[in-house]
Amino acid sequence: MRNKPPPFAQARKGGGKGRKKITPIFLGFMFYVYVLKSEKDNNLYIEYTNNLKRRLQEHTQGKNFSTAHRGKFFLVYYESFRSQKDATTREKQLKQFKSAYGQLKKRIAGSLSES
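Visitor: I keep staring at the overall build of the protein chain and nothing clicks. Help me out?
Guide: Helix and strand counts for the protein chain stand at 4 helices and 5 strands. Taken from the N to the C terminus, the helices and strands of the protein chain come in the order β-β-β-β-α-β-α-α-α. Counting every position in the protein chain, which comprises 115 residues, the buried fraction comes to 30%. Looking at the protein chain alone, contacts between residues at least 24 apart form 50% of all its contacts between residues at least 6 apart.

Visitor: Honestly, the environment of Ser80 in this entry has me stumped. Any pointers?
Guide: Inspection of the secondary structure assignment puts Ser80 in strand β5 (residues 73-81). Put simply, Ser80 and Val33 are 47 residues apart on the chain and 6.5 Å apart in space, counted from C-alpha to C-alpha. Discounting residues that sit within four places of it in the chain, Ser80 has contacts with Met30, Phe31 and Tyr32.

Visitor: Would you take a moment to explain the packing of aromatic side chains for this structure?
Guide: Two descriptors summarise a pair of aromatic rings, namely the distance from one centre to the other and the angle between the planes of the rings. Throughout the structure, instances matching the rule amount to 2 aromatic pairs. Aromatic pair Tyr32 and Tyr78: ring centres 6.0 Å apart, planes at 70 degrees, arrangement edge-to-face. Of the two residues, Tyr32 sits in strand β3 (residues 31-38) while Tyr78 sits in strand β5, which places them 46 residues apart along the sequence.

Visitor: What is the right way to look at the sheet that holds β3 in this model?
Guide: In a beta sheet, neighbouring strands pair by backbone hydrogen bonds and run either parallel or antiparallel. A sheet is described by the order of its strands in space; here 3 strands give the open sequence β4-β3-β5, paired in antiparallel fashion. A single partner strand is all that each edge strand has here, and the edge strands are β4 (44-49) and β5. Between one strand and the next, the sheet's axes are offset by a mean angle of 20 degrees, whatever the strand orientation. Pairing analysis gives 8 bridges linking β3 to β5, with the strands arranged antiparallel. Bridging across to β5, Phe31 finds its partner in Phe81. Its contacts with the sheet put helix α1 (residues 52-60) on β3, β4 and β5, and the angle it makes with β4 is roughly 140 degrees.

Visitor: What is the right way to read the pairing of β4 from this model?
Guide: One face of the sheet, then the other: side chains in a regular strand alternate in exactly this way. Most of β4 is tucked away, with 5 of its 6 residues classed as buried. As paired strands, β3 and β4 are joined by 6 bridges and run antiparallel to one another. Looking at β4, one finds that Val35 is bridged to Ile46. Taking the residues that link successive antiparallel strands as the turn, the β3-β4 hairpin has 5 residues, and the phi of Asn42 there is positive, at about 60 degrees.

Visitor: Just checking my understanding: could you explain helix α2 (residues 84-96) for this structure?
Guide: Helical periodicity: at 3.6 residues per turn, an α-helix aligns residues three or four positions apart in one direction. Along its 13 residues, α2 runs 18 Å from first to last C-alpha, staying within 8% of the 18 Å computed at 1.5 Å per residue. Taken residue by residue, α2 has Ala87, Thr88, Arg90, Glu91 and Leu94 as its buried positions. Buried positions in α2, seen along its axis, are confined to an arc of 160 degrees and lie on one side of it. Opposite the buried face of α2, by more than 90 degrees, sit the exposed residues Lys85 and Gln96. Looking at the packing, one finds that the buried side of α2 touches β3, β4, β5 and α3 (98-107). Between a side-chain oxygen at the N-terminus of α2 and the backbone nitrogen of Lys85 the separation is 3.2 Å; the capping residue is Ser83.

Criteria and thresholds
The numbers attached to residues start from 1 for each chain and follow its sequence in the written order. Reporting in this predicted model follows two pLDDT cut-offs: at least 70 for local features of residues, and 80 or more for side-chain atom pairs to be given and counted; totals over whole chains, interfaces and linings ignore these cut-offs and use all residues. The side-chain figures draw on all heavy atoms in the structure; neither hydrogens nor water molecules are used. Working definition: helices are DSSP H or I runs of at least four residues, strands are E runs of at least two. Numbering for both runs from the N terminus. Buried, partly exposed and exposed residues are distinguished by accessible area as a fraction of the type maximum, computed with a 1.4 Å probe on protein chains only: under 20%, between the cut-offs, and over 50%, respectively. In what follows, residue pairs with any heavy atoms lying within 4.5 Å of each other are defined as contacts. Here a Phe, Tyr or Trp ring, Trp counted by its six-membered ring, pairs with any other such ring whose centre lies within 6.5 Å, and the pair is stacked when the planes are under 30 degrees apart, edge-to-face when over 60, and tilted otherwise. Strands are labelled as partners when DSSP assigns at least two bridges between them. Only C-alpha atoms enter the line fits that serve as axes; for helices the fit covers just the stretch in contact. Angles between N-to-C directions range over 0 to 180 degrees. Take the number of residues in a helix, subtract one, and multiply by 1.5 Å to get its expected span. To obtain the arc, one takes the directions from the helix axis to the C-beta atoms. In protein, a polar contact means a hydrogen-donor-capable atom and an acceptor-capable atom, both N or O and within 3.5 Å, with residues adjacent in sequence counting only if both atoms are side-chain atoms; elsewhere, any N or O pair within 3.5 Å suffices.

Read these as layout, nothing more, since geometry by itself doesn't imply function.
Structure (structure tokens):
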């Protein structure tokens, strides 16, 4: 029995020899929890957004009040969610619970040391 594609995927012709290629189609927004590292003080900054590219530009240009004084930032990690509630829950988890924050820092240790 063949696996069915997930409901957010659409089959289309292509992929050679009559096979169908699966192309993901996402409806609506994605929400992102992201981690930035300050070049100035090496501190991490955690937030969520529905437009990661725009938010990174705002941080880079100093348009975000809470990070403007902390210099240049590097994106070191992000997670994506279809649900805003899931994204806000994860953001709060990372900010409020040392164990979740500690596990994340272990998972991205290589990324933190590179930037």
